[in-house]
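Listed here are the chains, written in short residue letters.
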Amino acid sequence: MPETDTLPTKNAIVQLPDGQTIELPVVVGSENEKALDISKLRSQTGYITLDPGFVNTGSCQSGITYLDGEKGILRYRGIPIEQLAEKSSFVEVAYLLIYGHLPNSKEWERFSYLLTRHAMLHEDMKHFFESFSSQAHPMAILSAMVASLSAYYSEASGVASLETFDLNAVRLISKIRTLAAFSYKKSIGQPFIYPLDSLSYCANFLRMMFAVPAEDYEIDPELVSVINLLLILHADHEQNCSTSTVRVVGSSRANMYGSVSAGILALWGPLHGGANQQVIQMLEHIQADGGNADKFIEMAKDKDSGFRLMGFGHRVYKNYDPRAKVIKTACDRVLEKLGIHDPMLDIAKKLEERALSDDYFKERKLYPNVDFYSGIIYRALGIPTNMFTVMFTLGRLPGWLAQWKEMMEDPKQRISRPRQIYTGSNEINYVPMEQRG
Ligand code: ACO
């Protein structure tokens, strides 16, 4: 059940072109967001609503994440993202998103213990990695491996179950980190490094990524805290493309692993989470081209160029993305601490400055989004470009699981099945092959 299961207040009267009128219930959320409930519109009038890309369509009521794109506000379970970024850890945020409150010390210990216990993969799964091409993108591997987990850990029928949610959720949050690190090791031809129970979630991940059996690996607490920060900032973002995918797939009662695997593929797209990889590739391209930010700003404004400023613009934010604000500040701090001067950061800042003072971007309210600066930090940590979207996936997983659980617990939830307005041919007869022109 969503926490904010608000009751309709008063009805809206809608006049239709054929003279019909209908009363539509108004639903008001806890932050005074208003919606018209159109669920009876077709059965009562014959009309449906048409909203390609779901620009103006609410698909559910949710008590998990609040976001105000006009004011640049983002809160998980009511807590501002800035506070969580400063004070919390990724594991705590995962618990908060999934269970709706910050864990007390007992809950925290239990959750951390379970995450530690479930870090290893079934040994047989290691063989899967050998079958992938060394050129395979880690997102392709990760999605396939997460789907494969349902062959090991879900119910025999593969059908979703809330009874086993807690166990499957910790399994997935824990194992996805091992799968991500193994995908990377596979791509560079190094042996897999097994998880170590004594390490925290993020430290364990860094070790599995960067340790080699022949050498000692020292964990840098600064890197651990940056990974924590980045994962927290990515942990949920209400009904975005990949989260909606997880909900749509899960709405058929497909199991959690299958639903998340579909979400991973949705996230991979360059207009969504894949943008973080695209941003660095764009910055490298600009640098190789001589570093002229103005030229690329002009290209981004020219619709015929086919070029978009990656990491800029957002469906919901019409203000600075609050996550980008935190990441930009962290970027300066991390690079300074690590003693790195990255020319990509200079180019990114130049692009941002030019864009924010340009009428094209101002009129369309296009600001840097979460992906604009995150790649520069990942680079500084030594994470290769093709792993950036994998990092996003590790962060977003608790959000997907929280949304999947909320959907499964919602008694009003039904299978997702949008309608359409058909624009094809009217009825015509089948023509046998010999009579076709
Ligand atoms: N560069 C140049 N112009 C842009 C950009 C951009 N990055 N983003 C939007 N615009 C322009 C569009 O051309 C359009 O102009 P028009 O009104 O003259 O036709 C207008 O701004 C509105 O853009 P839409 O594409 O209609 O906005 P939509 O909400 O559908 O798309 C999206 C949002 C996909 C994020 C878009 O801004 C974009 O492609 N950005 C670059 C990719 C990116 O950074 N994606 C990551 C988003 S954050 C995330 O998913 C984690």
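Look a little higher up for the structure.
Definitions and limits used
- Per-chain numbering applies: the sequence of each chain, read as written, is numbered from 1 onward.
- In keeping with the model being predicted, local features are shown solely for residues with a pLDDT of at least 70 and side-chain atom pairs are shown and tallied solely at 80 or more, while totals for entire chains, interfaces and linings include all residues.
- Heavy atoms from the whole structure form the basis of all side-chain values; hydrogens and water molecules are not counted.
- Secondary structure elements are defined from DSSP: runs of H or I of at least 4 residues count as helices, runs of E of at least 2 residues count as strands, and each element is numbered from the N terminus.
- In this treatment the radius of gyration is a C-alpha quantity, and the globule benchmark scales as 2.2 Å times the residue count to the 0.38 power.
- Categorising residues by exposure relies on relative accessible area from a 1.4 Å probe, with only protein chains included: less than 20% of the type maximum marks a residue as buried, more than 50% marks it as exposed, and the intermediate range marks it as partly exposed.
- Here, residues are in contact when the closest pair of their heavy atoms is within 4.5 Å.
- Only the protein chains shown count as cover for residues, and the accessible areas themselves come from Shrake-Rupley with a 1.4 Å probe.
- A residue counts as positive if it is Lys or Arg and as negative if it is Asp or Glu; His and the chain ends are not included.
- Charged groups are reduced to one reference atom each: NZ for lysine, CZ for arginine, CG for aspartic acid, CD for glutamic acid.
- Only centres within 6.5 Å qualify two rings of Phe, Tyr or Trp (six-membered ring in Trp) as a pair; their planes then separate them into stacked at under 30 degrees, edge-to-face at over 60, and tilted for everything else.
- Placement of a positive charge over a ring is assigned whenever Lys NZ or Arg CZ falls within 6 Å of the ring centre and within 35 degrees of the normal to the ring plane.
- Any residue with a heavy atom lying within 4 Å of a molecule or strand is counted as near it.
- For the purposes of these results, a polar contact is taken to be a pair of N or O atoms within 3.5 Å, where, inside protein, one atom must be able to donate a hydrogen and its partner to accept one; residues adjacent in sequence count only when each atom of the pair is a side-chain atom.
- Under the convention adopted here, Pro, Cys and the residues Ala, Val, Leu, Ile, Met, Phe, Trp and Tyr are nonpolar, Asp, Glu, Lys and Arg are charged, and Gly plus all remaining residues are polar.

J.: Please clarify how the overall build of the chain should be interpreted in this entry.
T.: Each helix and strand in the chain was counted, giving 18 helices and 6 strands. Scaling as 2.2 N^0.38, a compact globule of 437 residues should have a C-alpha radius of gyration of about 22 Å, and the chain matches this with 24 Å. Along the first, second and third principal axes, the C-alpha atoms of the chain reach 75 × 65 × 55 Å. Looking at the chain as a whole, 48% of its 437 residues are labelled buried. Partitioning the contacts of the chain with sequence separation of at least 6, the portion at a separation of at least 24 is 71%. With an accessible surface of roughly 21700 Å², the chain has 51% of that area assigned to carbon and sulfur atoms. Across the chain, the centroid of the 45 positively charged side chains sits 3 Å from that of the 51 negatively charged ones.

J.: How do you make sense of unusual backbone geometry when you look at a structure like this?
T.: Across residues other than glycine, the phi torsion is negative in most instances, and most of the peptide bonds are trans. Although it is not a glycine, Arg 77 sits at a positive phi angle of roughly 50°. Given the relative accessible area of 17%, Arg 77 is considered buried. Positive phi, close to 35°, is recorded for Glu 238, a residue that is not glycine. Turning to its location among the elements, Glu 238 is positioned in the loop between helix 9 (221–234) and helix 10 (241–250). Residue Glu 238 is classed as partly exposed on the basis of its relative accessible area, which comes to 22%.

J.: Sorry if this is basic, but what is going on with the packing of aromatic side chains here?
T.: Tallying each qualifying case throughout the model produces 19 aromatic pairs. Summarising the aromatic geometry, the rings of Tyr 320 and Tyr 367 are spaced 6.3 Å apart at their centres and angled 55° between planes, so their arrangement reads as tilted. Residue Tyr 320 is found in the loop between helix 13 (293–301) and helix 14 (322–337), and its partner Tyr 367 is found in the loop between helix 16 (359–363) and helix 17 (371–380); the two are separated by 47 residues along the sequence. When its relative accessible area of 27% is taken as the criterion, Tyr 367 is described as partly exposed. Aromatic ring contacts, followed pair by pair, group Phe 312, Tyr 360, Phe 361, Phe 372 and Tyr 373 into a single cluster. Looking at Arg 177, its charged tip hangs above the ring of Tyr 201, at a distance of 4.3 Å from the centre.

J.: Which parts of the structure should I look at to understand the site of the ligand?
T.: Among the 20 residues in the neighbourhood of the ligand, the closest are listed as His 272, Arg 308, Leu 309, Gly 311 and Arg 315. Arg 364 has a polar side-chain atom sitting 2.9 Å from an oxygen atom of the ligand. Protein contacts shield 75% of the accessible area of the ligand, which totals 910 Å² for the unbound molecule. In the shell around the ligand, the residues fall into 10 nonpolar, 5 polar and 5 charged.

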